Amino acid sequence: MLLPLPAGAETLLILLLALLLDAFLGDWRLLNRYIPRPRALAARAGDWLDRRLNRIERSDATRRLRGLITVLFLMLAALVVGTAVTVVARLLPYGWMLELLLVLRCVAVRQPWVGMRGVLDALSGPDASLEAGRSALAEISDRQSWRLDLHGVVRAAAEAGARDLARRVVAPAFWYALLGLPGMLAWTVADALSAAIGHDTPRYADFGAAAARTGRIMGWLPARLTGVLLALSALFVPGAQGLGAVRAMLSTAPGHPARDDAWPVAALAGALDLSLAGPRREGDMVVKEPWLGDGRARAQPADLRPALVLYHVTVMLTGLLAGAAGLALLRFGPVW
């Protein structure tokens, strides 16, 4: 054990230490070389099973069943691995280090921040150019950056930061505080499969249905929690609007095609008096998506500076929330 404390308190310490280490030390190149992130492993497994099970000649019902089996199999594997590591960590004298290592591989605090900062530097640094901004955006977003103007690049960078804040920081922290490593790994698998095969396209509409639904179910509360944390963070950031974040969430996020992602994006838009998402061109198609927020659509590179501060403050509030969850576990006992 890390200290002679009950499991709930130790979980709190490990989570706070992981958030702190990842925030300050960032890109773990040595770990990336030898220990891949669980999210990447789950995505590879999903792709492998997709190639072998998602055969176009199969019926829609068969493909739905195979997609469900894929999700159940990988989620069960995550729960087994998480439980095994938890047991080992509790038995070995320094087993907490193994648990800390796995938590570090599941959260990504610094990476999204560095990505947004990279776009800001590319658009406002000494060698600033739109092409440099597009290239930097391509590292953090799946948008077709080569079609975007300056305002579109800034909006897409802010949206990517808000989404990653919810999916890579708040959601894993939430599930770890609630259910320990099994919960965190289950979320990691659900999020990876949702991104890999949970698309509403002819190929994945049936096979990826279970993955998309699982990701939405597990991400429902963390996404809204992220929006609330962003609204609270805005109270501590000069120029940001906490009430604006709340209004934007309540007025534009419900029913938005972005689903759970709409809540943190709307909160960020409202806090900075911006309009994010909205209509855009994807290849030869125009996606007529509603706006999130009712502020300026002509976002400027300078808008990314308060967005970066909001990101930092929200991470700190996430740590405080994890502390409260840890105290609750200390008081009432662990739930796993």
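Residues numbered from 1 in each chain as written. Predicted model: local features only at pLDDT ≥ 70, side-chain atom pairs only at ≥ 80, totals over all residues. Heavy atoms only, no water.

### As for the packing of aromatic side chains
Here is step 1: One pass over the structure, following the stated rule, counts 1 aromatic pair.
Here is step 2: Ring geometry for Phe174 against Trp175: centres 5.2 Å apart, planes inclined by 85 degrees, an arrangement best described as edge-to-face.
Here is step 3: A relative accessible area of 14% places Trp175 in the buried class. (Phe/Tyr/Trp six-rings, centres within 6.5 Å; stacked < 30°, edge-to-face > 60°. Buried < 20%, exposed > 50% of the residue type's maximum accessible area, 1.4 Å probe, protein only.)

### With respect to unusual backbone geometry
Here is step 1: Backbone geometry at Asp273 places phi at a positive 55 degrees, although glycine is not the residue there.
Here is step 2: Examined against the element boundaries, Asp273 turns out to sit in the loop between helix H11 (262-271) and strand S1 (276-277).
Here is step 3: In this structure Asp273 comes out as partly exposed when scored by relative accessible area, which is 35%.
Here is step 4: Phi at Ala277 is positive, roughly 60 degrees, even though this residue is not glycine.
Here is step 5: Topologically, Ala277 is positioned in strand S1.
Here is step 6: Classification of Ala277 as buried rests on a relative accessible area of 6%. (Helix = DSSP H or I, 4+ residues; strand = E, 2+ residues; numbered from the N terminus.)

### Some words on the nonpolar core
Here is step 1: Core analysis: the biggest nonpolar cluster contains 93 residues, and Leu15, Val103, Val119, Leu268 and Leu310 have the highest contact counts within it.
Here is step 2: Of all the elements, helix H8 (residues 150-197) adds the most residues to this core, at 26 residues.
Here is step 3: Once residues lying within four places of it in the same chain are set aside, the contact partners of Val119 are Gly133, Ala136, Leu137, Ile140, Val153, Ala157 and Leu304. (Core = buried A, V, L, I, M, F, W, Y, C linked by side-chain atoms within 4.5 Å. Contact = heavy atoms within 4.5 Å.)

### Observations concerning the side chain of Asp303
Here is step 1: Relative to the assigned elements, Asp303 resides in the loop between strand S4 (291-292) and helix H12 (304-332).
Here is step 2: A distance of 2.8 Å separates a polar side-chain atom of Asp303 from the backbone nitrogen of Gln300.
Here is step 3: What Asp303 contacts, discounting residues up to four positions off in sequence, is Leu272, Leu274 and Arg296. (Polar contact = N/O pair within 3.5 Å; in protein donor to acceptor, adjacent residues only side chain to side chain.)

### Section: the UniProt feature "transmembrane region" (unreviewed entry) in the chain
Here is step 1: UniProt records the feature "transmembrane region" (unreviewed entry) at residues 12-31, 65-85, 91-108, 173-197, 217-237 and 308-330, using the numbering of this structure.
Here is step 2: End C-alpha to end C-alpha, residues 173-197 measures 24 Å, and it is 100% helix and 0% strand.
Here is step 3: Here residues 217-237 runs as 86% helix and 0% strand, with 31 Å between its end C-alpha atoms. (UniProt positions renumbered as here; feature names shortened; annotations may be inferred.)

### Describing the environment of Ala171
Here is step 1: You can see Ala171 is positioned in helix H8.
Here is step 2: The contacts of Ala171, once residues within four sequence positions are left out, are Ala166, Trp187 and Pro222.

### Section: the confidence of the model for the chain
Here is step 1: On average, residues of the chain carry a pLDDT of 89, and 91% of them reach 70 or more.
Here is step 2: Mean pLDDT per element in the chain: strand S2 (residues 280-282) is the minimum at 71, and H11 is the maximum at 97. (pLDDT = per-residue confidence, 0-100.)

### Some remarks on the pattern of salt bridges
Here is step 1: Taken as a whole, this structure holds 12 salt bridges when the rule is applied.
Here is step 2: Between Glu99 and Arg90 there is a salt bridge, with the nearest N and O atoms lying 3.0 Å from each other.
Here is step 3: A relative accessible area of 1% places Glu99 in the buried class.
Here is step 4: For Arg90, a relative accessible area of 24% puts it in the partly exposed group.
Here is step 5: The network of salt bridges with shared partners includes Arg39, Arg167, Asp191 and Asp261. (Salt bridge = Lys/Arg side-chain N within 4 Å of Asp/Glu carboxyl O.)

### Description of the packing of H8 against helix H9 (residues 209-234)
Here is step 1: At a closest axis distance of 9 Å, the pairing of H8 and H9 adopts a crossing angle of 120 degrees. The angle between the axes of H8 and H9 places the two elements in the oblique class. Here H8 runs over H9; the crossing is left-handed.
Here is step 2: Residue composition of the contact of H8 with H9, by class: 19 nonpolar, 6 polar and no charged. (Axes fitted to C-alpha atoms, helices over the stretch in contact; angles between N-to-C directions. Parallel < 35°, antiparallel > 145°, perpendicular 65-115°, else oblique. Left-handed = near helix turned anticlockwise from the far one by under 90°. Nonpolar A, V, L, I, M, F, W, Y, C, P; charged D, E, K, R; others polar.)

### Considerations on a nonpolar patch on the surface
Here is step 1: A contiguous nonpolar patch, built from Leu65, Leu68, Ile69 and Leu72 and spanning about 370 Å² of accessible area, is present on the exposed surface.
Here is step 2: Positionally, Leu68 belongs in helix H4 (residues 60-91).
Here is step 3: Leu68 gets classed as partly exposed once you look at its relative accessible area, which sits at 38%. (Patch = residues over 30% accessible without salt bridge, like charges linked within 9 Å, V, L, I, M, F, W, Y side chains within 5 Å. Areas by Shrake-Rupley, 256 points an atom, 1.4 Å probe, with all protein chains shown as cover.)

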